[in-house]
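Structural characterization, general
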Amino acid sequence: MLPANYQKLYNELTTKLEPKRVITNELELLTYGTDASFYRLVPKIVVLVHSEPEVVFVLQLSEKYDIPVTYRAAGTSLSGQAITDSVLLVATHNWKKYTISDNAKKIKLQPGIIGGRANILLAPYSRKIGPDPASINAAMIGGIAANNASGMCCGTSQNSYNTIDDIRIILYDGTILDTSDNDNKHEFSQKHPGIIKEIEQLKYDIKSNRTLHERIKNKFKIKNTTGYSINALVDFEDPFEIIKHLMIGSEGTLAFISDITYNTVIDEKFKSCTMMIFETIEMACEAVPFLKNSPVAAVELLDRDSIRSVENDPDAPSYFKTIPESVCFLLVECRADTIDELEAKQAQVRNSIVSIPTYKEFEFTSDPKQYNFNWKARKGLLPSVGGMRRTGTTCLIEDVAFPVSRLAEACIALKELFRKLDYTDAVLFGHALEGNLHLVFSQDFSSDSEVQRYARLMDELCDIVVNKFDGSLKAEHGTGRNMAPFVEKEWGEAAYEIMLRIKNIFDPRQLVNPGVIINPNPTIHLENLKALPATNEIVDKCMECGFCEPNCVSEGLTLSPRQRIVIAREISRLKATGESPELLTKLSKRAQYYSDETCATDGLCALVCPLNIDTGKYIKELRYQNASESDKKIAARIGRNMSMVTSAARFGLNSVGVFQSILGDSLMNGIATGVRKISGDTIPQWNKNMPRGASKITQLSVNEISERKVVYFPSCINRSMGKAKGYEKEDVALTQKTEELLKRAGFGIIYPTGINNLCCGMAFSSKGLKDEGARKSEELEDALYKASEQGKFPILFDMSPCFYTSHENFKKYGSMKIYDPIEFMSDFVMPHLTVKSPRKQVSIFPVCSVKKIGMEEKLLKLSKMCSDEVILVQSNCCGFAGDRGFLFPELNKYGLQDLENQIPAACNEGYSTSRTCEIGMNEHSHVTFKSIFYLIDEVTK
Ligand SMILES: Cc1cc2nc3c(=O)[nH]c(=O)nc-3n(C[C@H](O)[C@H](O)[C@H](O)COP(=O)(O)OP(=O)(O)OC[C@H]3O[C@@H](n4cnc5c(N)ncnc54)[C@H](O)[C@@H]3O)c2cc1C
Ligand code: SF4
Ligand code: SF4
């Protein structure tokens with residue numbers, strides 16, 4: 001039950017917004033109560049806004065009912081600034097528009113665009129946005145600007161504060177200010193003369209206080225995100241310039257950012273890096289000012305403990321294990337537009353530190369293996385602590401900055417503090433040029449004594465940073481609730497007073513993200529701590545960072561991987577504590593659809609998770625636990641009678657195909673949808689792209705006389721499904737097409753004995769029926785081993801997902817070589833064929849398994865051999881996911897919502913390597929997608 005004023009707000013909101021975008025159910029509220037910080041506040045209402053008028057509508061109602069609102073982008077914040085127990089306004093989907101102008105020197109971005117995506121858009125112009133947080137592939141522009149996030153290379157000169165060109169904001173009362181529009185600015189001055197006047201007064205007050213003026217200037221010489229960007233009041237005269245810059249780093253506490261225009265920066269093409277090792281931290285830090293005056297792009301400091309945490313990596317040099325305890329590393333990066341320039345820069349860097357001896361000789365490298373290892377070592381520090389930590393504990397990152405001249409002293413003081421308080425797993429690293437240090441360590445919040453240990457750490461950390469070094473308590477990650485109690489301590493009374501006035505100017509009724517940056521509660525940093533209870537070891541190490549969300553097909557439709565884990569943890573907690581059986585029932589019931597049924601189990605989440613967590617694998621495990629004995633028995637029966645099942649499928653598809661020809665697509669669709677409804681959605685959804693049945697494989701060997709042999713394993717799907725309606729040009733099913741193609745390339749084809757009964761097992765294991773899945777996989781492995789004469793001949797799979805499943809499962813015979821369709825065509829077939837009539841334009845779609853085995857580039861190359869122009873479909877997973885597309889067609893529709901926009905109207909051919917995905921692609925585009933084997937066959941005939 002909502003409190004009365006929230007209920008009124010809800011009622012009014014739903015008069016204009018679709019009810020599904022005004023969320024009040026327990027499951028989704030809980031998932032939105034999570035960001036990457038170690039705090040949790042569960043909102044009462046979540047509003048998914050799609051436009052400026054909707055934001056204005058929500059804000060005006062929030063004012064009317066006196067209800068606070070917090071803005072949310074990707075929710076990767078670490079300091080507790082993107083959560084609320086009131087109304088959460090999420091501006092992500094539908095906030096992805098952009099404009100590139102002035103020869104890509106400027107880019108205007110809406111807040112829902114992921115930072116990495118902005119850089120992809122700018123890449124063709126060799127430009128990028130300035131801010132470069134390590135979270136750039138998940139964090140969105142709204143959050144990057146509002147947190148003034150920064151990273152390894154951007155320093156203070158290329159952060160949002162220094163690269164902002166213009167901004168469009170919405171104030172608490174719905175007023176829009178667009179700093180790029182003079183008319184709008186004029187209107188704003190008329191409507192809010194008080195704001196302009198007070199900004200001018202603030203500026204005047206600071207100017208009149210010499211000490212404060214100097215303090216502000218000095219403190220921003222190093223990175224600082226504690227409190228507001230009050231340097232705006234020192235750096236600019238024009239009130240609109242001041243407002244624009246105050247918004248940066250304001251953590252959504254002053255206004256909603258509707259769009260921001262950045263001045264872009266050069267993205268140099270050539271890069272090299274080196275690991276410089278110094279005998280002591282002092283020597284490494286002594287080198288930093290010299291490096292700062294040389295042409296470096298980044299200097300990352302890594303302490304000895306950091307190196308220890310990556311010394312077992314297979315790519316790590318052996319000396320990592322034997323270097324003395326006292327050493328300290330600097331990872332130094334150079335970037336340039338030409339190789340000559342890069343080499344000249346490297347030489348300059350080397351010369352700049354000749355006076356400081358290194359423990360070991362160092363060389364710059366651009367070799368991908370070494371270069372990538374160096375950065376992997378640096379970027380792997382968070383996962384290495386996160387992955388080693390005890391289940392139930394949290395992985396914390398402190399983010400402080402010191403004057404560069406005192407960096408060595410500061411490092412030693414911090415390490416001593418962590419030793420004293422027994423944080424034994426802490427590693428220290430950071431952006432040395434900016435004096436910015438991060439400490440990553442695990443923290444238990446489950447007992448009072450542990451919370452008190454953390455409280456002591458915070459107090460002593462603040463003492464060191466503020467009293468000893470006059471540094472920044474938050475350099476990059478924002479103040480949030482975590483540092484709110486210490487803002488005044490860091491800045492002093494006069495500066496804090498200025499910050500209070502800023503908050504009151506823009507948010508007089510304290511309704512915009514209250515409690516963040518400014519918070520009178522001295523222990524707010526110790527409240528609302530988030531529990532991370534054990535739920536399943538596949539996901540127990542999850543840090544709730546949110547990096548996986550952009551890769552997930554169901555994010556925004558139902559849940560993201562992070563949100564699935566949040567729910568799993570809460571369900572486990574409720575089960576263990578018996579706290580609220582009612583809530584447990586509600587969550588469990590809704591989780592069935594939200595968490596389980598709409599997970600494609602494609603595992604793309606694992607590709608971007610710092611800890612490689614595959615939430616799809618966890619969902620399969622859940623399905624296994626929930627599978628009944630009778631499900632398992634049926635699976636075993638199906639598995640043993642695959643031949644009959646594929647025959648029945650062929651018969652069924654052919655019969656449906658007959659009806660389709662007689663009734664036509666739309667009548668057939670109407671009847672099928674009706675039947676599905678009556679069945680309570682248990683009968684799969686028919687669609688017009690359902691294929692006809694295939695013909696049975698009857699001959700075990702084709703073109704026997706050829707010396708060049710291949711074992712061909714047609715998947716059970718392709719053995720059942722023949723050509724689809726709409727495949728006007730092809731007169732044969734895929735199995736037959738493959739035979740023809742292989743024969744033309746001079747191959748003799750061997751089918752494994754018992755082919756009609758074989759299957760990779762994926763159809764079973766993806767439903768949690770892993771025992772039968774494993775049995776089918778082993779049966780296939782044995783059959784292929786025999787057919788390939790103990791691994792003598794290569795084995796071709798005609799569907800990437802089946803190849804991937806077998807590639808993961810096959811363990812018995814080391815000598816056997818199995819091939820994905822793309823690899824086999826590229827390496828074995830194309831060398832024996834000539835492309836005679838390339839297509840003008842085709843679209844290709846790399847399915848999830850292709851992405852997981854890193855075969856995208858090869859698919860692109862292969863397609864480019866066959867077509868003058870290739871359009872690479874960018875969707876993550878199509879959401880068809882084996883049978884999900886039949887059972888939950890909304891997932892497929894959602895996954896492919898952008899498909900049609902990506903393919904030009906003139907392009908009517910699409911190719912891929914998975915039959916079921918192709919059915920979904922056909923359903924949601926004007927293109928007929930089919931196996932790439934058809935393309936290869938046609939252009940080489
Ligand atoms: C593993 C990890 C590594 C990280 N590394 C870095 C790093 O190297 N450097 C760094 O600076 N940060 C880092 N972060 C922190 C975080 O990713 C960044 O601060 C990021 O910019 C936050 O963006 P977001 O889209 O997730 O924003 P959110 O977390 O959703 O929101 C951030 C803030 O912006 C506000 N906000 C969101 N949208 C709007 C809007 N439209 N208008 C106004 N206010 C809005 C929110 O209210 C909130 O206060 C890291 C986080 C993680 C988990
Ligand atoms: S699954 Fe991985 S990427 Fe996703 S929130 Fe957890 S730790 Fe982060
Ligand atoms: S397996 Fe796919 S659908 Fe499931 S959580 Fe991971 S990315 Fe999302």
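Here goes a summary of the coordinates provided. (Residues numbered from 1 in each chain as written. Chains lettered and ligands numbered in written order. Predicted model: local features only at pLDDT ≥ 70, side-chain atom pairs only at ≥ 80, totals over all residues. Heavy atoms only, no water.)

**Section: helix 11 (residues 239-247)**
Of all 9 residues that make up helix 11, 8 are buried, and the element is covered over most of its length. Burial in helix 11 covers these residues: Pro239, Phe240, Ile242, Ile243, Lys244, His245, Leu246 and Met247. At the exit of helix 11 stands Gly249, carrying a positive phi of roughly 80°. (Buried < 20%, exposed > 50% of the residue type's maximum accessible area, 1.4 Å probe, protein only. Helix = DSSP H or I, 4+ residues; strand = E, 2+ residues; numbered from the N terminus.)

**Comments concerning the sheet that holds strand 8 (residues 164-170)**
In spatial order, the strands read 5-6-10-8-9; together these 5 strands make up an open sheet with antiparallel pairing. Strands at the two margins of the open sheet, each flanked by one partner only, are strand 5 (98-101) and strand 9 (176-178). This sheet shows a mean twist of 10° between the axes of neighbouring strands, independent of strand direction. Contacting strand 8 and strand 9, helix 11 runs over the sheet at an angle of about 80° to strand 8. (Pairing = 2+ DSSP bridges. Axes fitted to C-alpha atoms, helices over the stretch in contact; angles between N-to-C directions. Contact = heavy atoms within 4.5 Å.)

**Things to note about unusual backbone geometry**
In this model, Asn103 sits at a positive phi of 60°, which is unusual for a non-glycine residue. Assessed through its relative accessible area of 67%, Asn103 is described here as exposed.

**What to know about the nonpolar core**
Leu13, Ile45, Ile230, Ile243, Ile502 and Phe506 are the most contacted members of the largest nonpolar core, which totals 84 residues. With residues up to four places along the chain from it excluded, the contact list for Ile243 reads Ile169, Leu177, Phe188, Ile195, Ile196, Ile199 and Phe506. By size, the runner-up hydrophobic cluster in this structure holds 71 residues, among which are Val710, Val842, Val873 and Leu896. (Core = buried A, V, L, I, M, F, W, Y, C linked by side-chain atoms within 4.5 Å.)

**Looking at the sheet that holds strand 3 (residues 69-72)**
Strand order in the open sheet formed by 4 strands is 1-2-4-3, with mixed pairing between adjacent strands. In the strand order of this sheet, the two ends are held by strand 1 (22-23) and strand 3, each with one partner. As paired elements, strand 2 (residues 45-48) and strand 4 (residues 87-90) share 4 bridges and run parallel to each other. Note that in strand 4 the partner of Ile45 across the bridge is Val87. The strands touched by helix 1 (residues 4-16) are strand 1, strand 2 and strand 4; relative to strand 2, the strand with the most contacts, the crossing angle is about 20°. Packing against the sheet, helix 3 (residues 52-65) makes contact with strand 2, strand 3 and strand 4, and its axis sits at approximately 155° to strand 3.

**Topic: the pattern of salt bridges**
A complete count under the given rule lists 61 salt bridges for this structure. Measuring nitrogen to oxygen at the nearest pair gives 3.9 Å for the salt bridge that ties Arg775 to Glu779. Of this pair, Arg775 and Glu779 both sit in helix 31 (residues 770-787), 4 residues apart, roughly one helical turn. The class of Glu779 is partly exposed, set by a relative accessible area of 26%. (Salt bridge = Lys/Arg side-chain N within 4 Å of Asp/Glu carboxyl O.)

**What about the site of ligand 1?**
Taken together, 35 residues surround ligand 1, and among them Tyr71, Thr76, Ser77, Ser135 and Ser150 come closest. Measuring from an oxygen atom of ligand 1, one finds a backbone N or O atom of Ile144 at 3.5 Å. Here ligand 1 loses 97% of its free accessible area of 990 Å² to cover by the protein chains. Elements that contribute at least two residues to the shell around ligand 1 include exactly strand 3, helix 5 (141-147) and strand 10 (256-263). Top element by residues in the shell around ligand 1 is helix 5. It accounts for 5 residues. Its residues placed into classes, the shell around ligand 1 shows 20 nonpolar, 12 polar and 3 charged. (Near = heavy atom within 4 Å. Polar contact = N/O pair within 3.5 Å; in protein donor to acceptor, adjacent residues only side chain to side chain. Areas by Shrake-Rupley, 256 points an atom, 1.4 Å probe, with all protein chains shown as cover. Nonpolar A, V, L, I, M, F, W, Y, C, P; charged D, E, K, R; others polar.)

Nothing here speaks to function; it is all geometry.
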